[in-house]
Structure formats: C-alpha cells, structure tokens
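Each chain, letter by letter, is given below.
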Amino acid sequence: MAEGRVYNFSAGPSAMPLEVLEEVQREMVNYKGCGMSVMEMSHRSKEFMAIAAEAEKNLRDIFGVPSDYKVLMMQGGATLQFSSIPLNMLGSKTKADYLVTGQWGEKAHKECNKYGTGQLACNTKGTKFTTIPQKSEWKLDPEAAYVHYCANETVNGVEFSYTPDVDTVPLVADMSSNFCSKPIEVSKHAFIYAGIQKNLGPAGMSVGFLRPDFADGSKELKICPTYCSFKTTGDNGSMYNTPACFTMYVMGEYLKYTKKLGGLAYWAEQSDKKSGLLYGAIDGSNGFYNCPVEKTARSRMNVPFTINGGDEALEKKFLDEAKKHKLYTLAGHRSVGGCRASLYNGLPLEGVAKLTDFMKSFMDENRK
Ligand code: PMP
C-alpha cells in the first residue's frame, strides 16, 4: 500500500485501485504529450474523442454488450436515471412494476410516480429490507411498461444473485453498486444503468446499456427534458452537451486496468473471496457480530453488521479503534446505524484480512 493511504470501506465514492490512480497521476499535467491535462481539453478534440471511443469499446468488450444495444454515458448519477427511466420507457403504458428490496429501489419507485404509476411488485420493507422474495410472491403485471429492480442494495446489503425472470416485460436494473463486480446478462435486460463511483471510477456519471427498441424515442414522454432523453444521448454518442470528461477518462483507465487483470471474472473472484472472508468472521463470532440479511440475499459488495446486538457505545468504540488500524469508513448508513463494510474492486483482499483480524481481537477484548 502507498505511504499514508488507508483501507477505505466507503460505500461510494470509494476506494480506487492504486494502479489506476497512479496512471492518472502520471498523465495529469500533460496527457500523452499533447501539452494539457484531460481536464483542460475540449470534449470535441481529437484526443478526447479517442478517449471516449476507447471507453465505449472497452465497456462493450468487458460487459459483452450486444452490438445493437446503445452504450450511454450520462451525467447526474443514478438518481437522475430514476426519473429518466419512466420519462423514456413508459410510453403509452403509464404503469411500471418495481421490485423493492431496499432503499434505492424505494426511491426509484417513488420517482416513477411523478410521471406514471409505479406498482409495487414486491416490497420487503416489513423485513427491514433483509430478504429477496421468491418469484412466486411477486405481483407482476404483464401490461407493465417495464419491471425495475435494484441488483444490489447498497444501504441494506441485499444482492440478487441471479437475473430476475419477468417473462416478456422489459427488465430494467439499477446496478450502481455491483456493476463491474461480476459478468452480467445484458441481453436479458432492456436497460441497465449504474453510477460509476463504486466499482468503476469517480463520481459524476452513470453508464447505461440500452436495448434498441427504447433508443428510438418511441416511448419517450413529451415532457422528457432533452438532457434526460435516451434517444438524444444515444444519437449524439453521449456528447449532446459537455460530458463529465475527466470522470469518463478515469473510467477509461479503470476499464483498461480491468482488461489487463482478466475482465469481470477477476473482479468476481476477488469479490467472492473478500465477502466470504468477512461473512465467515461474522458468522463465526457466535453472535457477537451479526449481519441481519438472509444468507441467500447477502451482498458481496456491502456488508452491514451490528455488534453485540446493536450496542451503540461498543460500535462507536469499534469504529474509533478500527481507524487506528487504518480501517476507515466502517459506519453504517445514517438511516440504519451499526457498521457497514463496502468491498468494492478498489479495496484489496489484504484490507479485508486486516479487518477480520481486527474484528477477532476486538471481540476477544470486548465480549462480556
Ligand atoms: N442506486 C444505488 C444502488 C446506489 O447505491 C446509489 C448511490 N449510493 C444510487 C442509486 C444513487 O446514486 P447517485 O448518488 O449517483 O445519484
């Protein structure tokens, strides 16, 4: 680890691979001898157009995006997509189904109701978002314009380990917090979107993979702002207006690094190892640590846990002492409390080993 850096378990923006940061640093002031930083160049310049084209090509290669799908690179984060989805996908149908398994899905659903009717195909709020119900329990409407799900709920630590089967209704996925952590079935989706500040770069943009029947504007509502239009973004190669140039460039470096390591299979293996180690420590603690999420729905990315049945004073002590071991940003989301470790690509396996070692010694010292 580089001098002075810590193990950063932040839920996003989050740890980046050191190699990517160092490459960006090398190119920061004078990008490939062109005399300026990427931050300073026109998005229409030859150099930047090449950066954008290479980023798109690498997204297609790494994720196996079908050639007729559009790759969209958009500003505004995933939250803007919560609005863009109904605005571009409802068409004349007015209703859409939402599988709500956590707080982000809940927000997406709420946003849909501004433009149409968001129907709850399932809602696990009653379990405090700790489960994913079987398909037999979902109330799917065959007439819905689409079915939306959140592949990984960042706050609650709930992850789909499979692509939901929704028959012929177009499937839409928020993959913000498990994007680039495993191979995905793009062609089973009409739209996949992800803010990139967890597993693929800095904050400032989201990536979308869009099926062609939603890229022609035929289902775009009249009130859809130009800025949110999938058709406008797609027709203009994600450069209708000034894109988040520097963020896009850093994502491009992250993608090149991903390719070098062996693609999504590499990140998947790392994620399995890291989360396996941490859940092992939690489950082997005889209840001192507890993860409230049902085992089959547990996230490989975000691991929430409580200490000693939710003892807040002890949790605070844990967070304070963890920092002395360079283990940072382990507090749970402000809405749920407790602790949470986010294990994104930028966090190395050795960081999780350090965390589990610390957890064991903290338990030995503090178990009553
Ligand atoms: N969806 C998920 C799953 C998220 O984790 C987040 C951010 N933490 C969002 C949506 C919202 O993303 P943004 O803050 O980039 O708008």
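Scoring rules and cut-offs
Every chain is numbered on its own, with residues counted from 1 as its sequence reads. pLDDT decides what is reported in this predicted model: residues at 70 or higher carry local features, side-chain atom pairs at 80 or more are listed and counted, and totals for whole chains, interfaces and linings draw on all residues regardless. Hydrogens and water molecules were not included; the side-chain quantities draw on all heavy atoms of the structure. Secondary structure counts use DSSP, requiring at least four H or I residues in a row for a helix and at least two E residues in a row for a strand, with both numbered from the N terminus. Radius of gyration: over C-alpha atoms. The globule rule applied is 2.2 Å multiplied by the number of residues raised to the 0.38 power. Residue exposure (1.4 Å probe, protein chains only): buried if accessible area is under 20% of the type maximum, exposed if over 50%, otherwise partly exposed. Contacts: residue pairs with any heavy atoms within 4.5 Å of one another. Working convention for charge: Lys and Arg count positive, Asp and Glu count negative, and His plus the chain ends are omitted. For this purpose, a charge sits on NZ of Lys, CZ of Arg, CG of Asp or CD of Glu. Definition used for salt bridges: Asp or Glu carboxyl oxygen within 4 Å of a side-chain nitrogen of Lys or Arg. UniProt positions are given in the numbering used here, feature names are shortened, and annotations may be inferred rather than shown by experiment. What is meant by a nonpolar core is a set of buried Ala, Val, Leu, Ile, Met, Phe, Trp, Tyr and Cys residues, joined one to another through side-chain atoms within 4.5 Å. It suffices for a single heavy atom of a residue to lie within 4 Å of a molecule or strand for the residue to be listed as near it. Polar contact is the term for a pair of N or O atoms within 3.5 Å; when the atoms are in protein, one must be able to donate a hydrogen and the other to accept it, and sequence-neighboring residues count only if both atoms are side-chain atoms. Computed with the Shrake-Rupley method and a 1.4 Å probe, the accessible areas treat only the protein chains shown as cover for residues. Residue polarity follows a fixed list, in which Ala, Val, Leu, Ile, Met, Phe, Trp, Tyr, Cys and Pro are nonpolar, Asp, Glu, Lys and Arg are charged, and the others, Gly among them, are polar. Expected span of a helix: the number of residues minus one, times 1.5 Å. Each direction from the helix axis to a C-beta atom contributes to the arc, which is the arc of those directions. Note on ring pairs: Phe, Tyr and Trp rings are taken, using the six-membered ring of Trp, and paired if centres are within 6.5 Å. Classes follow the plane angle, with under 30 degrees stacked, over 60 edge-to-face and the rest tilted. Simply put, an axis is a line fit to the C-alpha atoms, just over the touching stretch for a helix, and the angle between two N-to-C directions goes from 0 to 180 degrees. Throughout, the term roughly parallel applies to angles under 35 degrees, roughly antiparallel to angles over 145, roughly perpendicular to angles from 65 to 115, and oblique to all others. Crossings are classed by handedness, with left-handed meaning an anticlockwise turn of the near helix from the far one by less than a right angle and right-handed meaning a clockwise turn.

1. Quick look at the overall build of the chain
Then step 1. Each helix and strand counted, the chain has 9 helices and 14 strands in total.
Then step 2. Scaling as 2.2 N^0.38, a compact globule of 368 residues should have a C-alpha radius of gyration of about 21 Å, and the chain matches this with 21 Å.
Then step 3. Oriented by its inertia axes, the alpha-carbon framework of the chain measures out at about 65 × 55 × 30 Å.
Then step 4. Classification of the 368 residues of the chain by burial places 55% in the buried group.
Then step 5. For the chain, the share of sequence-separated contacts (at least 6 apart) that also reach a separation of at least 24 residues comes to 68%.
Then step 6. Between the centroid of the 43 positive side chains of the chain and the centroid of its 41 negative side chains there is a distance of 2 Å.

2. Some thoughts on the side chain of Thr124
Then step 1. Mapping Thr124 onto the fold places it in the loop between β4 (117-123) and β5 (147-150).
Then step 2. Classification of Thr124 as buried rests on a relative accessible area of 4%.
Then step 3. For Thr124, the residues in contact, after removing those within four places along its chain, are Val100, Thr101, Phe129, Thr131 and Pro133.

3. A closer look at the pattern of salt bridges
If the charged atoms of two oppositely charged side chains come close together, the side chains can form a pair.
Then step 1. Taken as a whole and judged by the stated rule, the model has 21 salt bridges.
Then step 2. Here Lys114 ties to Glu111 by a salt bridge, and the two come within 3.8 Å at their closest N and O atoms.
Then step 3. Residue Glu269 is joined to Lys273 by a salt bridge in which the shortest nitrogen-to-oxygen separation is 3.3 Å. Taken together, the residues span about one helical turn, with Glu269 and Lys273 both in helix α7 (residues 264-283) at a distance of 4 residues.
Then step 4. Judged by relative accessible area, Glu269 falls into the partly exposed class, the value being 44%.
Then step 5. Residue classification places Lys273 among the partly exposed residues on the basis of a relative accessible area of 42%.
Then step 6. One network of salt bridges, in which partners are shared, links Glu54, Glu253 and Lys256.

4. Observations regarding the environment of Cys224
Then step 1. As for its position among the elements, Cys224 is in the loop between β10 (205-210) and α5 (230-235).
Then step 2. Separated by 19 residues in sequence, Cys224 and Met205 have C-alpha atoms that sit 19 Å apart.

5. Details of the UniProt feature "domain: Aminotransferase class V" (unreviewed entry) in the chain
Then step 1. Sequence positions flagged by UniProt for "domain: Aminotransferase class V" (unreviewed entry) are, in local numbering, residues 6-354.
Then step 2. Taken as a whole, residues 6-354 contains 32% helix and 17% strand, while its terminal C-alpha atoms sit 11 Å from one another.

6. Topic: the nonpolar core
Then step 1. Judged by nonpolar contacts, the single largest core of 84 residues is most densely connected at Leu59, Phe63, Phe179, Phe209, Met251, Tyr289 and Phe318.
Then step 2. A total of 8 residues in this core trace back to one element, the largest contributor, which is helix α6 (residues 245-261).
Then step 3. Counting 27 residues, the second largest nonpolar core, distinct from the first, contains Phe82, Leu87, Cys112 and Val172.

7. Some thoughts on the site of the ligand
Then step 1. For the ligand, the set of nearby residues contains 13 residues, the closest of which are Thr79, Thr154, Asp174, Gln197 and Lys198.
Then step 2. The contact in question runs from an oxygen atom of the ligand to an N or O atom on the side chain of Thr154, over 2.4 Å.
Then step 3. One nitrogen or oxygen atom from the side chain of Lys198 is found 2.6 Å from a nitrogen atom belonging to the ligand.
Then step 4. When the free accessible area of the ligand is taken as 400 Å², the share hidden by the protein chains comes to 84%.
Then step 5. Per-element accounting of the shell around the ligand gives the leading share, 4 residues, to helix α3 (residues 77-89).
Then step 6. Of the residues that constitute the shell around the ligand, the class distribution is 4 nonpolar, 7 polar and 2 charged.

8. Points about helix α8 (residues 312-324)
Turn by turn, an α-helix covers 3.6 residues, leaving residues three or four places apart pointing in a common direction.
Then step 1. With 13 residues, α8 should reach 18 Å at 1.5 Å per residue; the first-to-last C-alpha distance of 19 Å fits that figure.
Then step 2. Along α8, the residues that are buried comprise Leu314, Glu315, Phe318 and Ala322. On an axial view of α8, the arc spanned by its buried residues comes to 100 degrees, and they lie on one face. Exposed residues pointing more than 90 degrees away from the buried face of α8 are listed as Glu312, Ala313, Lys316 and Lys324.
Then step 3. Next to the buried residues of α8 lie β11 (289-290), β12 (302-307), β13 (327-328), β14 (339-342) and α9 (349-366).
Then step 4. Its side-chain oxygen placed 3.2 Å from the backbone nitrogen of Ala313, Asp311 serves as the N-cap of α8.
Then step 5. Positive phi appears at Lys326, one or two residues downstream of α8, with a value of about 65 degrees.

9. Structural notes on the packing of aromatic side chains
Then step 1. In this structure the tally under the stated criterion is 23 aromatic pairs.
Then step 2. Judged by centre distance (5.5 Å) and plane angle (55 degrees), the rings of Phe246 and Tyr249 are tilted. Of this pair, Phe246 and Tyr249 both sit in helix α6, 3 residues apart, which is roughly one turn of the helix.
Then step 3. With a centroid separation of 5.2 Å and 65 degrees between ring planes, the pair formed by Tyr266 and Trp267 is classed as edge-to-face.
Then step 4. On the basis of relative accessibility, which here comes to 4%, the residue Trp267 falls in the buried class.

10. Focus: the packing of α3 against helix α4 (residues 103-112)
Then step 1. It is the contact of α3 with α4, at a shortest axis distance of 8 Å, that shows an interaxial angle of 45 degrees. In terms of axis orientation, α3 runs oblique to α4. Between α3 and α4 lies a crossing whose hand is right-handed. Packed against α3, whose contacting residues are Phe82, Ser83 and Pro86, the element α4 presents Trp104, Lys107, Ala108, Glu111 and Cys112 at the interface.
Then step 2. Counted by class, the contact of α3 with α4 contains 5 nonpolar, 1 polar and 2 charged residues.

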